[in-house]
Amino acid sequence: MPYFMQVGDVPRKRFSRFEKTDGSFYAAEVMGEDGFSSDMSLLYHKEAPTGVLSYEKANYRAPELYDNDPLIPRLYRTSGLAVSGNTLTARTAICGNEDVMVSFVVADTTSPLYRNAIADELYFVHEGSATMESIFGSLPVEKGDYVLIPKGTTHRFVPSSNLRALVFEVAGHVRPPDHYLTKYGQYSQMAPYSEMDLKRPTGPLLLEGENVEVMVRTRQGMTRYVYQTHPFDVIGWFGCNYPYVFNVRDFSPITGSFHRPPPSAQVFEATNLVFCNFVPRMLDYDPRAMPIPSFHSNVDSEEVLFYDEGNFATRKGGVERGAISLHPSGHTHGPHPAALKNVGARVGQRSEECVIMLDTFRPLRLAKESAKLEVPDYVMSWTRP
């Protein structure tokens, strides 16, 4: 996070003792990125967060990935996925590599307390609503929200309706693009969103409990810990490392008289990958403009698109709302034949589509379980009838 916030009761000086009324002290926990050299927050617990009563290896099977060979684009439909549990256990993996795992989840029940110790988690909410509870407090979640949960954050989702969401597990830290920030860390005036658009945790969130289970994702798999006391006992915290929510409707698109390349639509970045939004906007307005993307072969990147809202079926080879496409590096793709018809009529018109894009700079492999969602022969959809 690029700016500081404070919630609840904290001492005046960081790393100082914080005394309770009975003369004992609150337990201070540092949550810092990149060792001790980057963004951090300091949380004050009623009890030490290290009281483990028991632990065991939990049942978990990492998604099986295989090469996209032969090399072709892929299309997956998520509309047929039924509600099947919570945001942790009901994920269907789509694709991934060393830097990111892409999944889709349909959930209607409260998830277990969970801490991902190897990745930031970024949700994009396609449908539904929930409350994301964490050691930092509560965050309401609704359609169109990105929910960024920093690595190591104990949290859970409490759905208030069926939650359908795209989930990215990112090995690096998800952050605003550097070119959107001033040298002091504020969003610049050229950025398409700002601090004013971010929803931050409200709290403190204080819950009582003993013998509390927390699932922890590790490099080896999943471990189930049982703690003496509930982890949601933080009476106050301050810092720049915390979960937050950003709604795609608050992204102000950068438009122009001619085509603006995808970096103008960037919303987040991480090691070896970027995220972009293509939101409702005015299309290119010069009379000579071609208001659709050029054909491109993704020389150095793999492209994942999530079709959130819009009428895609008539212009994109039968793509439906809620679908996910993968266009691999080395495969030339671009507008479908239907999109090229009467393209001049779209100059200066308004697009009502909302599409979420992930670009990775290392090849993506396919998850075995995604095969049940795949639309056959998508690669043929560019062929003229």
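Below, the structure is looked at part by part. (Residues numbered from 1 in each chain as written. Predicted model: local features only at pLDDT ≥ 70, side-chain atom pairs only at ≥ 80, totals over all residues. Heavy atoms only, no water.)

As paired elements, strand 9 (residues 114–116) and strand 17 (residues 210–217) share 3 bridges and run parallel to each other. Within strand 17, the position partnered with arginine 115 by the bridge is valine 216. Where strand 17 and strand 18 (residues 222–229) come together, 7 bridges link them in antiparallel fashion. In the sheet register, valine 214 faces strand 18, and the bridge partner there is tyrosine 225. Two successive antiparallel strands, strand 17 and strand 18, enclose a turn made up of 4 residues, where glycine 221 displays a positive phi of approximately 155°. (Pairing = 2+ DSSP bridges. Helix = DSSP H or I, 4+ residues; strand = E, 2+ residues; numbered from the N terminus.)

Turning our eyes to something else, we now look at unusual backbone geometry. Along the chain, aspartate 69 connects to proline 70 via a cis peptide bond; the corresponding omega equals 5°. Looking at the secondary structure, you find proline 70 in the loop between strand 5 (65–66) and strand 6 (74–77). Across the junction of glycine 203 and proline 204, the peptide omega takes the value 5°, indicating a cis bond. Note on placement: proline 204 falls in the loop between strand 16 (198–199) and strand 17. One non-glycine residue, phenylalanine 15, lies in the positive phi region at around 65°. Residue placement: phenylalanine 15 occurs in the loop between strand 1 (5–8) and strand 2 (27–32).

Turning to the pattern of salt bridges, a few remarks are in order. According to the stated counting rule, one finds 19 salt bridges in the structure shown. Between arginine 156 and glutamate 133 there is a salt bridge, and its shortest N-O distance comes to 2.7 Å. Of this pair, arginine 156 sits in strand 14 (residues 155–159) while glutamate 133 sits in strand 11 (residues 130–134), and the two are 23 residues apart along the sequence. One salt bridge in this structure joins glutamate 142 and arginine 249, with 3.3 Å as the shortest N-O distance. In this pair, glutamate 142 is assigned in the loop between strand 12 (137–141) and strand 13 (145–149) and arginine 249 in the loop between strand 20 (244–247) and strand 21 (266–270), connecting sequence segments 107 residues apart. (Salt bridge = Lys/Arg side-chain N within 4 Å of Asp/Glu carboxyl O.)

Limitation: the analysis is restricted to geometry and does not speak to function.
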